[in-house]
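# Breakdown of the fold
Listed here are the chains, written in short residue letters.
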Amino acid sequence: MKVEIFSDVVCPWCYIGHRRLAKAVRLYEGEVEVVQRPFELAPDAVSNGEPVRIALARKFGGPDRVAQMTRRVTEVAVADGLELNFDRAIHANTFEAHRLIWLAGRAGRDGAMADRLFRAHFTEGLDVGDPATLAKLAAEVEVEDTGEGAEQVRAELARARTLGISGVPLFLFEDQFAVSGAQPVETLVAALHEVRARTAVASAQNGGDGCDDGFCAV
């Protein structure tokens, strides 16, 4: 089964969703191909070393509101074994990070590259928009940056817009069933079983889409 996860490496709920999907795949009795897909929360962001709290305050109505938001997601992340350090995080443009993930995908290491970028941003306070930092992280995951991938990332970002994706994480199963948000592991495991059952029925019915009850979001 193919599962595409649309996410951005500066999205805390995406980091949580990324971790939960990995757990769900381990619990599922079947083969799953997980593919990372890009989404830019702030495509106009400039990587200039600005602390993320300042950028978030500008967007969400001040530091008090940001403190409330970040406290909640940080507490949720702890239960998933993740450390989010918003006091250290750096606001960044993520296009080049997504290009590295695409390059890593050619060797089946897109998940590892995404995980390294998430950790760099949220835990280590590294600037994932800085070329030197990205080169170091790519080397750690054994990804050779050939300079390729920009066109492909733009095409995938356009596909996300065509699918109507406006929030992440979003999990797309078999290119037709979608689940949005950082759902619990149990929900994702159930979705894997549900998609397997539905695709089996659809195959038996010579192509029925099985999407008439709201399970599909795209």
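The following paragraphs examine the structure supplied in this document. (Residues numbered from 1 in each chain as written. Predicted model: local features only at pLDDT ≥ 70, side-chain atom pairs only at ≥ 80, totals over all residues. Heavy atoms only, no water.)

Residue Val168 is joined to Pro169 through a cis peptide bond whose omega torsion reads 5°. Structurally, the position occupied by Pro169 is in the loop between α7 (150-162) and β3 (170-173). Located in the positive-phi region is Glu142, a residue other than glycine, with phi close to 60°. By secondary structure assignment, the location of Glu142 is in the loop between α6 (131-140) and α7. In this structure, Glu174 takes a positive phi of about 50° despite not being glycine. Residue position: Glu174 is located in the loop between β3 and β4 (177-180). Under the relative-accessibility criterion, Glu174 is labelled partly exposed at 32%. (Helix = DSSP H or I, 4+ residues; strand = E, 2+ residues; numbered from the N terminus. Buried < 20%, exposed > 50% of the residue type's maximum accessible area, 1.4 Å probe, protein only.)

So, on to the packing of aromatic side chains. Considering all chains together, one arrives at 3 aromatic pairs under this definition. Ring centres of Tyr15 and Phe118 lie 4.9 Å apart, and the angle between their planes is 5°; this geometry places the pair in the stacked category. Here the residue Tyr15 occupies a position in helix α1 (residues 12-27), and Phe118 occupies one in helix α5 (residues 110-122), the gap between them amounting to 103 residues. For the residue pair Tyr15 and Phe118, the accessibility class agrees, reading buried in each case. The interplanar angle of 20° and the centroid separation of 5.9 Å between the aromatic rings of Tyr15 and Phe122 together place this pair among those described as stacked. Here Tyr15 is found in helix α1, whereas its partner Phe122 is found in helix α5, with 107 residues between them in sequence. (Phe/Tyr/Trp six-rings, centres within 6.5 Å; stacked < 30°, edge-to-face > 60°.)

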